[in-house]
Structures are given as C-alpha cells and as structure tokens.
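Residue-level structural notes
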Amino acid sequence: VASIYLICGALRLARFNCYAAMPHPSKGSHDFMGLPIPAAAGVVASITLFLLWWDERNFAQGYWRYLLPVIMVFVSAMMVSEVKYPSFKTLDWRTRRTFARMAVMILSIGFFLILWKKVLPWALPVLFTGYLVYGFVRPYISRKMRAEIEDDTESDENESAHD
C-alpha cells in the first residue's frame, strides 16, 4: 500500500512538472489536476493521528484499524486522477474582507487554539477530508458560490477587463 502511495505521488509530481513546463491555454487556471501531494499527506497523517488517539482512549476498534490502508489506496488514486482542486494560491487576505467576516475568522481561530488538545484529534481529519471531498462536489457548485468559497481573483480580473 505504501508503494502504491509513493508511486502515485511520483507520477502526480511528474505530471505537475510536465504541465508547468508546457505552454497551454489553461496556464491562467488556479486549479490542480488531481489531489495535491501535501493535501494527500495531510489526509493520511491526520487520520493516522486520529486512529492513534482513538486507540489510546481504548474506544472500540472493530474494523476501524483497516481504514487507513483503504484511505491510502483511495488517496493514491486521487493524486493521479483528473479531479480538479483549487490551489488557494490567489487568496488575498488584505482586501474584500468585511469586518464581520474577519471577526468570525479570528474568533474561530481563537476557539481552535483554546481547545487545541480537545479539537486537534478530529479537526485535522475533518479539514483534510473536507478538501478531498470538495474536489468531487466542486463541479456541482455554482460559479458565484465557488468564487466566494475560493476567493477567486480570476473572476475579478475578468470583470475589470469588461469595464
């Protein structure tokens, strides 16, 4: 299973490098084709830590221990898939933030930091798995909502070009 994960990661990196070197019309795209390697590593590492935390608490294990190899094979396949994931490289933290939105973000981060030990075991797997699943539901979300979620500056550039 680890070999499959490693080989798919190498193939994903090779494809990324080939696409980066080729001049093509989608050069302005801010999407990754396939699950990025850091996100795949985050899924595997966070679920591993969650399962260790689960085991330390002596919760019922049942078939949960077989979850990680299955997830590793799935994540391996997702790295070389053609599912598109946002890169978030164009996030602009300085502009277009209302005070209320920024206050909610600061309070959420503060809440997370205060409850670090209690939140960490399940927050990271939820965060990384949410990104993994987002690639599947993203095509079904309207462009307006997607731009709001991803803070897509590309749509702003297109709008200013029409003015």
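Residues numbered from 1 in each chain as written. Predicted model: local features only at pLDDT ≥ 70, side-chain atom pairs only at ≥ 80, totals over all residues. Heavy atoms only, no water.

**Notes on the overall build of the protein**
Secondary structure summary: the protein contains seven helices and two strands in total. When burial is assessed residue by residue, the protein has 28% of its 163 residues classed as buried. Taking the contacts inside the protein whose residues are at least 6 apart along the sequence as the reference set, 78% of them involve residues at least 24 apart. When the accessible surface of the protein is totalled, it reaches about 11400 Å², and 70% of it is carbon and sulfur. (Helix = DSSP H or I, 4+ residues; strand = E, 2+ residues; numbered from the N terminus. Buried < 20%, exposed > 50% of the residue type's maximum accessible area, 1.4 Å probe, protein only. Contact = heavy atoms within 4.5 Å. Areas by Shrake-Rupley, 256 points an atom, 1.4 Å probe, with all protein chains shown as cover.)

**Comments concerning helix H4 (residues 99-114)**
For H4, with 16 residues, the first-to-last C-alpha span of 22 Å sits near the 22 Å given by 1.5 Å per residue. By the criterion of burial, H4 is predominantly exposed, with just zero of the 16 residues buried. (Expected span 1.5 Å × (residues − 1).)

**Quick look at the nonpolar core**
Nonpolar side chains in soluble globular proteins tend to end up buried together. The biggest cluster of nonpolar side chains holds 20 residues, and the ones touching the most others in it are Tyr 5, Leu 35, Val 75 and Tyr 85. Every element with two or more residues in this core is listed here: helix H1 (2-21), helix H2 (37-56), helix H3 (67-79) and helix H5 (116-137). Aside from chain neighbours lying at most four places away, what touches Tyr 85 is His 30, Asp 31, Phe 32, Gly 34, Leu 35, Pro 36, Met 78, Tyr 131, Leu 132, Gly 135, Phe 136 and Arg 138. (Core = buried A, V, L, I, M, F, W, Y, C linked by side-chain atoms within 4.5 Å.)

**Quick look at the packing of H1 against H2**
Two measures define how a pair of helices packs: the angle their axes make with one another and the distance between the axes. With their axes 10 Å apart at the nearest point, H1 and H2 run at an angle of 160 degrees to one another. The angle between the axes of H1 and H2 places the two elements in the roughly antiparallel class. For the pair formed by H1 and H2, the contact residues are Tyr 5, Gly 9, Arg 12 and Leu 13 on the first element and Ile 37, Ala 40, Ala 41 and Val 44 on the second. Of the residues belonging to the contact of H1 with H2, the class tally is six nonpolar, one polar and one charged. (Axes fitted to C-alpha atoms, helices over the stretch in contact; angles between N-to-C directions. Parallel < 35°, antiparallel > 145°, perpendicular 65-115°, else oblique. Nonpolar A, V, L, I, M, F, W, Y, C, P; charged D, E, K, R; others polar.)

**Here's the deal with the side chain of Arg 12**
Among the secondary structure elements, Arg 12 is positioned in helix H1. Assessed through its relative accessible area of 4%, Arg 12 is described here as buried. Arg 12 has contacts with Phe 32, Met 33, Gly 34, Leu 35, Pro 36, Ile 37, Met 79 and Val 80, leaving out every residue within four places of it along the chain.

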